[in-house]
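Spelled out, the chains give:
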Amino acid sequence: MSDDNVIRPTFGAPRTITPPERTEPGSELPPMRLFGAAAGHRVGLIRDPAAQEGDVFRIVIGPEDEQAVETVALLPAGADAEGEAERIGFAILRALEVVEGAV
């Protein structure tokens, strides 16, 4: 599966670097800050200074009953990047809550 659908500063442009598609338990990523869970999925934020793209914030999502997560948005760490990453994470969480309510 391609990660060209990950929201990042160059969204839509072909990627030259291929990061892992899923982060499995025991991987070396820093701890995740959890925003919440809805519709069977949890949404979180990881600051990853060792990413191939450089120091980044990863907005991630994964099933509540698994440890694995996938990156759905990637922002370079900068002045207000953490605030923007939080807004994206909470928007994704809210979208899941809306979906959950419709079921």
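Please refer to the structure placed before this passage.
Residues numbered from 1 in each chain as written. Predicted model: local features only at pLDDT ≥ 70, side-chain atom pairs only at ≥ 80, totals over all residues. Heavy atoms only, no water.

Turning next to the side chain of Arg 42. Within the secondary structure, Arg 42 is located in strand 2 (residues 41-48). Buried within the structure, Arg 42 lacks any salt-bridge partner; its nearest side chain of opposite charge belongs to Glu 66, at an N-O separation of 7.3 Å. A distance of 3.4 Å separates a polar atom in the side chain of Arg 42 from the backbone oxygen of Pro 63. (Helix = DSSP H or I, 4+ residues; strand = E, 2+ residues; numbered from the N terminus. Buried < 20%, exposed > 50% of the residue type's maximum accessible area, 1.4 Å probe, protein only. Lys, Arg positive; Asp, Glu negative; His and termini not counted. Salt bridge = Lys/Arg side-chain N within 4 Å of Asp/Glu carboxyl O. Polar contact = N/O pair within 3.5 Å; in protein donor to acceptor, adjacent residues only side chain to side chain.)

Turning to the nonpolar core, a few remarks are in order. Ranked by size, the top nonpolar core spans 14 residues in total, and within it Val 43, Leu 45, Ile 59 and Ala 85 carry the most contacts. Mapped onto this core, the elements with two or more residues apiece are strand 1 (33-38), strand 2, strand 3 (56-63), strand 4 (70-76) and helix 1 (81-102). Once you skip the residues sitting within four places of it in the chain, Leu 45 turns out to touch Pro 31, Met 32, Arg 33, Phe 35, Phe 57, Arg 58, Ile 59, Val 60, Glu 82 and Ala 85. (Core = buried A, V, L, I, M, F, W, Y, C linked by side-chain atoms within 4.5 Å. Contact = heavy atoms within 4.5 Å.)

This part is about the environment of Ile 92. Within the secondary structure layout, Ile 92 lies in helix 1. A relative accessible area of 23% means that Ile 92 is categorised as partly exposed. Sequence separation between Ile 92 and Val 43 is 49 residues; the distance between their C-alpha atoms is 7.4 Å. Beyond its immediate sequence surroundings of up to four residues, Ile 92 is in contact with Val 43, Ile 59, Ile 61 and Val 72.

The next subject is helix 1. A rise of 1.5 Å per residue sets the reference length of helix 1, with its 22 residues, at 32 Å; its end C-alpha atoms lie 32 Å apart and thus fit the reference within 8%. Of all the positions in helix 1, only Ala 81, Gly 83, Ala 85, Ile 88, Gly 89, Leu 93 and Leu 96 are classed as buried. Where helix 1 is buried, its residues contact strand 1, strand 2, strand 3 and strand 4. (Expected span 1.5 Å × (residues − 1).)

Without other data, these values stay purely geometric and don't point to any function.
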